[in-house]
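This is what each chain is made of:
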Amino acid sequence: MSRRLTSLVAAVATTAAGLTAVGTLGAGTASAGPCSEMFGNFGSLLEHRTGAGMGTGSLGSLGSSDGSGSVGSVSEALGSADRSGSLIQQLETGSVGNSLSGSLDPLVGSVYGMPPWITGEEGTVPVLRGPTQFRQLVTGPTSPSESISKYGVAGTDLGIMWDNGNAADPEVLMAFGDTMGDCTVPGNQWRSNVLFRSGDTDLDDGLTIDSAAMGPDGLAKSIVPRINQPGEVTIIPTAGISVNGVQYLRYMSVARWGQPGWWNTNYSGIAYSADNGENWTPVPELARPITDTVPVGDGAPGVDDDWKRAQMSSFVTGRGDGYLYEYLTPSGRQGAVVLARVTTEGSPTVDALGADNLTEDTLLDGVLDPTGYEYWDGDAQTWTPEISRATAVMPAPTSELSVMWNEHLRKYTAMYSRGYDSVVMRTADNPQGPWSNATTLIDYSMLPGVYGGFMHPWAQGRDLYYLVTTWNAYNVFLVRTDLDALFPQERSRMRAAVPAATEVVRQVPVSELQSGIVPTE
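Colleague: Explain the sheet that holds strand β13 (residues 312–317) here, please?
Modeller: Two strands in a sheet stick together by hydrogen bonds in their backbones, pointing the same way (parallel) or opposite ways (antiparallel). Ordered by their spatial adjacency, 5 strands build an open sheet running β13-β14-β15-β17-β18, and the pairing between neighbours is antiparallel. Two strands bound the open sheet, and with one partner strand each, they are β13 and β18 (382–384). Recorded for the sheet is a direction-independent mean angle of 35 degrees between the axes of neighbouring strands. Pairing between strand β17 (residues 374–377) and β18: 3 bridges, direction antiparallel.

Quick look at the structure:
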């Protein structure tokens, strides 16, 4: 039964400091990374991260062992081997990496678990040999997108991609997570999330960015801003899809960053856009709250522990079956995957959800109908309306999942971060599986701090293109994997071909990349 939209919540852009050019980036200098000079202006990010309310000002010598600095015992803890303090734990974790890369070296001032560019070191990119290769820096310094000067994006992560569904003007939309710009201004131009667009159909020479959802201040804006209340540190996109030309974005409201790979959420939310991702409207009725700390909006369901299994998502439309499938995982990087589906029939059109037509009588039909979702019960081999009965379709640990149909393989393809192991891929003939064993694309042991793995929806040939983030550079890279080398055909009836291995040849400083292109050798 259809429900009506009971709350109209307009998505608004956050106000950030005016756009200022970021200093020249050079190896081994204080301005090596996008936020390497942020010690004097790091307070705003600390406040978002920890709720410490530190405001702006110097953090002193973060890596010193004598405890000097304007924040006293806090700076002493940052330079010590004792990592137990809650401030330290939250500084060292978060969507800005959630990894263990970085070093603890009081002599040089590096801070364990924090990205190198914060401590004044320069981010690097690996040159790989084998089926998988880093191809291009998509965001940040030296990227051909000019993301710093055009959009105020010097550091960001994720890059969840989907087709906008517009046959007349096809584009791929890309949603990014916590984003920083000019770190020499108060607040560091921090935003919870931003959105880029690309109409580039030839990825062999890199990925071109054509535009971004912009704010009046000349910065790429937060498309779903955090509410700026205690209990919510940021809003992170987890999935995007287009249905009838309407864009849908799943996101998580992060309550607290915990130990590396662990974070807590308030709820999973959904918002839609009827103007190609420029403006977004949350739909409270489709929220999945697990705390009552942060208000979700009128019409939202009550807090339910069963929703803990459904705080992060990945969307894929079924092949000709009329369903939208949503792969669900808990917050953090330790959970298993359960599967939901909802019919796309009756889903609203762009005209129906346009700003001039949206009223409180708007029907919640199709993908907007909260009662229309059902979950795969693998034990009973059936779909159930109760998420409590859902069984895992992929095992733990699975996180930051991307799923699409791959025409070259003729299979559904899932890519994800497998804890702190690697970025891997599985395939299946049907959305619910059974899914194949995981095949490693990028091994964490050879490239610590890599995460994500979001596939480009137009990469349907032998070369699979996708975006990954490295904690080392805290920016997003275009990566290519040769599927035929990764999944070789049998060379004889007696022996299957052995997949080629990927290895690291060397590391290249980001500042040395020419137009963001990563060398092949």
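Now that the structure is up, let's keep going.
Colleague: Whenever I open this one, the sheet that holds strand β4 (residues 158–163) confuses me. Can you help?
Modeller: Pairing is antiparallel in the open sheet, where 4 strands are placed in the order β4-β5-β6-β7. Two strands lie at the open edges of the sheet, namely β4 and β7 (211–212), each paired on one side alone. Pairing analysis gives 5 bridges linking β4 to strand β5 (residues 172–176), with the strands arranged antiparallel. Within β5, the residue paired with M161 across the bridge is M174.

Colleague: Explain the nonpolar core here, please?
Modeller: Looking at soluble globular proteins, one finds that nonpolar side chains tend to be buried together. Formed by 47 residues in total, the largest nonpolar core has its most connected members in F134, M174, F196, I442, L464 and Y466. At 5 residues, the largest contribution of residues to this core is made by strand β24 (residues 463–470). The contact partners of L464, leaving out residues within four places of it in the chain, are M404, N406, M415, M425, M455, A459, V479, R480, T481 and L483. Within the second largest apolar cluster, 29 residues are counted, among which are I160, M180, A271 and W280.

Colleague: Please explain the pairing of strand β14 (residues 323–329) as it appears in this structure.
Modeller: Along any regular strand, the residues point their side chains to alternate faces of the sheet. Summarising burial for β14: 6 of the 7 residues are buried, a large majority. In textbook terms, the turn of a hairpin is the stretch between consecutive antiparallel strands, and for β13 and β14 this stretch comprises 5 residues, one of which, G320, has a positive phi near 75 degrees. Across 6 bridges, β14 lies against strand β15 (residues 338–343) in antiparallel orientation. When the sheet's bridge partners are listed, Y325 is paired in β15 with R341.

Colleague: How should the pattern of salt bridges be read in this particular structure?
Modeller: In the structure shown here, the tally under the stated rule is 15 salt bridges. Between R288 and E326 there is a salt bridge, and its shortest N-O distance comes to 3.0 Å. Taken as a pair, R288 in strand β12 (residues 288–289) and E326 in strand β14 lie far apart in primary sequence, 38 residues in all. By relative accessible area, R288 is classed as buried at 3%. Note that E374 is salt-bridged to R341, the shortest N-O span being 2.6 Å. Here E374, found in strand β17, pairs with R341, found in strand β15; they are 33 residues apart in sequence, far enough to count as distant.

The rules behind the values
- Residues numbered from 1 in each chain as written.
- Predicted model: local features only at pLDDT ≥ 70, side-chain atom pairs only at ≥ 80, totals over all residues.
- Heavy atoms only, no water.
- Pairing = 2+ DSSP bridges.
- Helix = DSSP H or I, 4+ residues; strand = E, 2+ residues; numbered from the N terminus.
- Axes fitted to C-alpha atoms, helices over the stretch in contact; angles between N-to-C directions.
- Core = buried A, V, L, I, M, F, W, Y, C linked by side-chain atoms within 4.5 Å.
- Buried < 20%, exposed > 50% of the residue type's maximum accessible area, 1.4 Å probe, protein only.
- Contact = heavy atoms within 4.5 Å.
- Salt bridge = Lys/Arg side-chain N within 4 Å of Asp/Glu carboxyl O.

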